[in-house]
Amino acid sequence: MASQLENKIEGYHVQPDGRIKVSALLRLFQKAAALDLINHGISDIEMHNNNVAFVLSRMTVQMYKDIYFDDVIIIKTYPRELRGAAFIRDYIVYRGNDICCYCSSSWALIDTESRRLLRPEAFDRYGKLNVTDENLITLPVMRRKIDESSLFRTYVHTVPYSQLDINNHLNNTYYADMIFDGLEPEIHKSTENMYIEINYRSEAVLGNELVIK
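Note that the structure is a prediction, hence the values are computed from the model and not measured.

What counts, and at which threshold
Residues numbered from 1 in each chain as written. Predicted model: local features only at pLDDT ≥ 70, side-chain atom pairs only at ≥ 80, totals over all residues. Heavy atoms only, no water. Helix = DSSP H or I, 4+ residues; strand = E, 2+ residues; numbered from the N terminus. Buried < 20%, exposed > 50% of the residue type's maximum accessible area, 1.4 Å probe, protein only. Polar contact = N/O pair within 3.5 Å; in protein donor to acceptor, adjacent residues only side chain to side chain. Contact = heavy atoms within 4.5 Å. Expected span 1.5 Å × (residues − 1). Pairing = 2+ DSSP bridges. Axes fitted to C-alpha atoms, helices over the stretch in contact; angles between N-to-C directions. Parallel < 35°, antiparallel > 145°, perpendicular 65-115°, else oblique. Nonpolar A, V, L, I, M, F, W, Y, C, P; charged D, E, K, R; others polar. Salt bridge = Lys/Arg side-chain N within 4 Å of Asp/Glu carboxyl O.

Enquirer: Even after reading the chapter, I still don't get the side chain of Thr132, so can you show me in this structure?
Expert: Checked against the element boundaries, Thr132 lands in the loop between β5 (98–111) and β6 (155–158). Using a relative accessible area of 17% as the deciding quantity, one classes Thr132 as buried. At 2.9 Å, the side chain of Thr132 forms a polar contact with the backbone nitrogen of Glu134. Among residues more than four places away in sequence, those in contact with Thr132 are Met1, Tyr78, Pro79 and Arg80.

Enquirer: Looking at this model, I keep getting lost on helix α1 (residues 22–39). Mind explaining?
Expert: Side chains of residues three or four places apart in an α-helix project in the same direction, reflecting 3.6 residues per turn. The end-to-end C-alpha separation of α1 is 26 Å, in line with the 26 Å expected for 18 residues at 1.5 Å each. Here α1 has its buried residues at Val22, Ser23, Ala24, Leu25, Leu26, Leu28, Phe29, Ala32, Ala33, Asp36 and Leu37. Phi turns positive one or two residues past the end of α1, at Gly41, with a value near 75°.

Enquirer: Explanation requested: the side chain of Glu197 in the structure shown.
Expert: For Glu197, the location among the structural elements is in strand β7 (residues 195–199). The class for Glu197 is buried, based on a relative accessible area of 19%. Within the structure, Glu197 has its side chain in polar contact with the side chain of Tyr195 (distance 2.7 Å). Here the side chain of Glu197 touches Asn199 through a polar contact of 3.2 Å, side chain to side chain.

Enquirer: Can you walk me through the environment of Ile92 in this structure?
Expert: By secondary structure assignment, the location of Ile92 is in strand β4 (residues 87–95). Residues Ile92 and Ala2, 90 residues apart in the sequence, show an inter-C-alpha distance of 9.8 Å. With sequence-adjacent residues up to four places away left out, Ile92 is seen in contact with Ile74, Ile75, Lys76, Tyr78, Ile99, Cys101, Tyr102 and Asn135.

Enquirer: Would you explain the sheet that holds β4 in this entry?
Expert: Pairing between sheet strands relies on hydrogen bonds along the backbone, with the strands arranged either parallel or antiparallel. In space, the six strands of this open sheet follow the order β1-β3-β4-β5-β2-β7, with antiparallel pairing throughout. Each edge of the open sheet carries a strand with a single partner, namely β1 (3–8) and β7. Averaged over all pairs of adjacent strands, the angle between their axes in this sheet comes to 25°, without regard to strand direction. By the bridge criterion, 11 bridges tie strand β2 (residues 52–63) to β5 in an arrangement that is antiparallel. Paired with Phe54 across the two strands is Leu109, which belongs to β5. α1 rests against β1, β2, β3 (72–79), β4, β5 and β7 of the sheet, and its axis sits at about 140° to β1.

Enquirer: I tried to follow the packing of α1 against helix α3 (residues 174–181) on my own but got confused; where do I start?
Expert: For any two helices packed against each other, one specifies the inter-axial angle together with the distance between the axes. Contact pair α1 / α3: the axes reach a minimum separation of 8 Å and the direction vectors enclose 170°. The angle between α1 and α3 places the two elements in the roughly antiparallel class. From α1, Val22, Ser23, Leu26 and Arg27 reach across to α3, where they touch Tyr174, Ala176, Asp177 and Phe180. Taken together, the residues of the contact of α1 with α3 break down into five nonpolar, one polar and two charged.

Enquirer: Help me understand the pairing of β5, please; the structure alone is not making it clear to me.
Expert: Look at any regular strand and the pattern is simple: side chains alternate between the two faces of the sheet. Here β5 lies mainly inside the structure; 11 of its 14 residues are buried. Linking two consecutive strands that pair antiparallel, namely β4 and β5, is a turn of two residues; a positive phi of about 65° is found at Gly96 within it.

Enquirer: It is not clear to me how the pattern of salt bridges should be interpreted in this structure. Could you clarify?
Expert: Close approach of charged atoms allows side chains with opposite charge to pair. In total, this model carries nine salt bridges according to the counting rule given. Across the pair Asp17 and Arg19 runs a salt bridge, and its minimum N-O distance is 2.8 Å. Taking the shortest distance from any N to any O, the salt bridge between Arg80 and Asp90 comes out at 3.0 Å. On the criterion of sequence distance, the pair formed by Arg80 in the loop between β3 and β4 and Asp90 in strand β4 is long-range, its members being 10 residues apart. Neither Arg80 nor Asp90 differs from the other in exposure class; each is buried. Linked through salt bridges whose partners overlap, the residues forming this network are Asp17, Arg19 and Asp66.

And the structure:
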């Protein structure tokens, strides 16, 4: 059974043309995931106090329709079956009866003090997620081998204090902002039918210089 979050798109969610920023959509996904943990009787605070947290390892987003300022959207989130040590969580975004977006994400469990990965069974002390294949959509995995010599540097981003989250690293949603800030302006004209995949390989912390190519 899905947990459901209803949210009105406000001015701080959108870019100048009134369409939602991808980073804002990812933040709403985080909010929906936190709500789902609560609905499963799982305390995010208890996990945090015991130095345990979920960290994102992969996010795949398929946009179908643009989402605009003042739209009211409903996000449904579904915990899926474990894949190895990865916790899978999917999201579907509705505007009325229209599906605007589908997202699949992969999460790892870590010890926030040692920064080491934990086995999935370490989560059992906090509760159990009721997994489902309801409304499952399989998105393509489009990982590519990148020829570094074909890339050019667009800018360097130094991680500021204001972008750190409770896990003391750069919050995953800001990577979308960095990506889109490095793209040509015409790319920003529409997200309709856009496919986005972000693979998170290591943490970025305060003061790190991230080179965007």
